[in-house]
Amino acid sequence: MKPLTHDLAALRGLDVEHHLPAQQDYRLMRDSGGSRIIVRAEDCEIFDAEGKELLDGMAGLWCVNVGYGREELARVAYDQMRELPYYNTFFRTASEPTVLLSAKLADLLGGKLTHVFFNNSGSEAIDTAIRLVRHFWQIKGQPDRNVIIARNNAYHGSTIGGVSLGGMAAMKKQGGPWVPGFEHVLQPYTFNEGFGEDPAKFCDRAVAAIEERILSVGPDKVAAFIGEPVQGAGGVIIPPEGYWPRVAQLCRKYGILLICDEVICGFGRLGSWFGFQHYGVQPDLVTMAKGLSSGYLPISAVGVSSEIVTALRDAGGMFVHGYTYSGHPVATAVALRNIAILEREHLVTRTANDTGPWLARGLKELASHPRVGEARSLGLLGAVEIVARRGTNERFGGAEGKAGPIVRDLCIQQGLMVRAIRDTIVMCPPLTISHEKIDRMLKIIRQALDAAEPQLLALQAQVPK
Ligand SMILES: Cc1ncc(COP(=O)(O)O)c(C=O)c1O
């Protein structure tokens, strides 16, 4: 392992003095003496500067699909940097890997999604999609069709556009006012919003909420509906059976564009290349990032239908949008090779037929734990709901979000990096994960739930009966 150039305590001091990490409580960070410094990673394991090894149950941040330590991705980046480290796509210019990646993505997306627009992050892809759909309706002579319907608790990124479009209440409390023209409807979160309800009835209700909103906004004012096939950052929310085909049908009925945000679900996560393929629907736009390069370099893309491209071409004139690093040749070269690895190692079908079912089987066993209200997964995306009483969705301490961090911290102590979203422990390991490591991940979660018991009981005691 390459030694740190600084003494660890000094480095953590500098971290507190100068660094504002993403999505952090800066007081907590200061009081806890800075961040855990991650120094190395290999396959599904990350190592910190104190020598602690952690099984990475989150694939970084839902992104390292091919696992860490891929020498060939480093070599591709090195070779591309030597040959052409940068060029833009503003001047009717492009590079070979960028063009080849567009063609490869069009092939994987299939059907009418023939073109691709590149950006650097999921949030930027979302901003591109927002501008593109609104621009599309403007050139179609329907400028009032500019409302986009999303779901409550949806995560579509951290830019002003992403937060405005997203449905995360906590994010909306900071930094508004927000971009107008976004509506939010019931999320298909059966465990929270439809608990105890017949899933088919809950599905009816979730679909009806969209139709009601289309009608109240006015069908001729709705530009698009956007959703993640499975909501990731919202808590790995797997919609009830039949939800997506019915949503797609609604979009067709009212002539509304369908945007699938595949930033987490894309590139094999659900056992298909894209989540929309798993659910058998046809979007008009697809946003993707993360697994596109397995996080080795920042890159994102928006897949666009031929109908939209034709409209843009027929109208002529510039689409006045783009980023300095759109189609960055090093990022596209790495993404191309990342896709080649996913294909060569059959990681998508392996997720569908082998590791995904293995995780589902293990979660089924974990679901019998007295503090687990539900354990669910699709492909290699999983979630465990922590509840105060089995058979209910009652949360500890009478409010969501108190138990999750306790269990998460115990998981980390015991060598597993996972995330708590309120009281939901979520899992998203690299697609290379073995059966043995899946079992280890679930065993640590079980042990953490057991070890959390005294703290959970203390939480329970706080609530007046
Ligand atoms: C569905 C979805 N959309 C958009 C984003 C934003 O991506 P980024 O963090 O790369 O901007 C995320 C990030 O987690 C996401 O999960």
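As a convention, each chain's residues are numbered from 1 in the sequence order in which they are written. Restriction of local features to residues with pLDDT of at least 70 applies here, the model being predicted, together with a cutoff of 80 or more for giving and counting side-chain atom pairs; totals for whole chains, interfaces and linings are based on all residues. To get the side-chain values, take all heavy atoms of the structure and skip hydrogens and water.

Student: I'd like a rundown of the sheet that holds strand 12 (residues 381-386), residues and numbers included.
Tutor: Only when DSSP finds a minimum of two bridges between them are two strands counted as paired. Per the convention used, a helix needs a DSSP run of H or I reaching at least four residues, while a strand needs a run of E reaching at least two, with both numbered from the N terminus. In space, the four strands of this open sheet follow the order 11-12-15-14, with antiparallel pairing throughout. Edge positions in the open sheet fall to strand 11 (372-378) and strand 14 (419-421), since each of these has one partner strand only. Each neighbouring strand pair of the sheet contributes to a mean axis angle of 25°, computed without reference to strand direction. Judged from the three bridges that link them, strand 14 and strand 15 (residues 424-427) form a sheet pairing that is antiparallel. In the strand pairing of strand 15, Ile421 is matched with Thr424. Any two residues having at least one pair of non-hydrogen atoms within 4.5 Å are treated as being in contact. A fitted line through C-alpha atoms represents every axis, and for helices the fit uses only the stretch in contact; the resulting angles, taken between N-to-C directions, go from 0 to 180 degrees. Across the sheet, helix 15 (residues 347-366) touches strand 11, strand 12 and strand 15, and the angle it forms with strand 11 is around 175°. Sitting on the sheet, helix 17 (residues 435-451) is in contact with strand 11, strand 12 and strand 15, with an inclination near 165° to strand 15.

Student: For a nonpolar patch on the surface, give the residues involved together with the corresponding values.
Tutor: Note on patches: the residues involved have over 30% relative accessible area and no salt bridge, like charges join within 9 Å, and the nonpolar side chains Val, Leu, Ile, Met, Phe, Trp and Tyr join within 5 Å. The accessible surface values rely on the Shrake-Rupley method and a 1.4 Å probe; as for residues, cover is taken only from the protein chains in view. One side-chain nitrogen of Lys or Arg within 4 Å of one carboxyl oxygen of Asp or Glu is enough to make a salt bridge. Together, Tyr87, Phe90 and Phe91 make up a nonpolar patch on the protein surface, roughly 360 Å² of accessible area in all. Within the element layout of this structure, Phe91 appears in the loop between helix 4 (71-83) and helix 5 (96-109).

Student: Tell me about the site of the ligand, and please be specific about residues and values.
Tutor: Taken together, Ser121, Gly122, Ser123, Tyr155, His156, Gly157, Glu228, Asp261, Val263, Ile264 and Lys290 are the residues near the ligand. Identification of polar contacts relies on pairs of N or O atoms within 3.5 Å, with a donor-acceptor requirement for protein atoms, meaning one able to donate a hydrogen and the other able to accept it, and with residues adjacent in sequence counted only if both atoms are side-chain atoms. At 2.8 Å from an oxygen atom of the ligand is found a main-chain nitrogen or oxygen belonging to Gly122. At 3.1 Å, a side-chain N or O of Lys290 approaches an oxygen atom of the ligand. Its free accessible area being 390 Å², the ligand has 85% of it covered by the protein chains. By residue class, the composition of the shell around the ligand is three nonpolar, five polar and three charged. Here, proximity means that at least one heavy atom of the residue falls within 4 Å of the molecule or strand. Put simply, Ala, Val, Leu, Ile, Met, Phe, Trp, Tyr, Cys and Pro go in the nonpolar bin, Asp, Glu, Lys and Arg in the charged bin, and everything else, Gly too, in the polar bin.

Student: An account of the sheet that holds strand 1 (residues 38-42) is needed here, citing residue identities and associated values.
Tutor: Pairing in this open sheet of four strands is mixed, and the strands run 1-2-3-13 from one edge to the other. Each having just a single partner strand, strand 1 and strand 13 (416-417) make up the two edges of the open sheet. Across three bridges, strand 2 (residues 45-48) lies against strand 3 (residues 53-56) in antiparallel orientation. Following the sheet pairing, Phe47 is matched in strand 3 by Glu53.

Student: Tell me what's going on with the side chain of Asn338, and back it up with residues and numbers.
Tutor: Locating Asn338 in the fold gives a position in helix 14 (residues 329-344). Residues contacting Asn338, with those up to four places away along its chain left out, are Val66, Leu73, Gly291, Leu292, Ser293 and Ser294.

Student: Lay out unusual backbone geometry in plain terms, naming residues and giving numbers.
Tutor: The omega torsion of the bond from Gly176 to Pro177 falls at 0°, within 30 degrees of zero and hence cis. The residue Pro177 is located in the loop between helix 8 (169-172) and strand 6 (182-185) in this model. Even without a glycine there, the phi angle at Arg92 is positive, about 50°. Relative to the helices and strands, Arg92 is located in the loop between helix 4 and helix 5.

Student: Any chance you could break down the pattern of salt bridges for me, citing the residues and the numbers?
Tutor: Applying the stated rule across the entire model yields 25 salt bridges. Between Asp48 and Arg36 there is a salt bridge, with its nearest N and O atoms 2.7 Å apart. Linking Asp48 in strand 2 with Arg36 in the loop between helix 2 (26-31) and strand 1, this pair joins segments that are 12 residues apart in sequence. We call a residue buried when its accessible area falls under 20% of the maximum for its residue type, exposed when it is over 50%, and partly exposed in between, using a 1.4 Å probe and counting protein chains only. Under the relative-accessibility criterion, Arg36 is labelled partly exposed at 37%. For the salt bridge of Glu183 with Arg213, the shortest nitrogen-to-oxygen distance reads 2.9 Å. Residue Glu183 is found in strand 6, and its partner Arg213 is found in helix 10 (residues 199-217); the two are separated by 30 residues along the sequence. Residue Arg213 is classed as partly exposed on the basis of its relative accessible area, which comes to 24%. Overlapping salt bridges, with partners in common, bring together Glu374, Arg376, Glu385, Arg395, Glu400 and Arg422 in one network.

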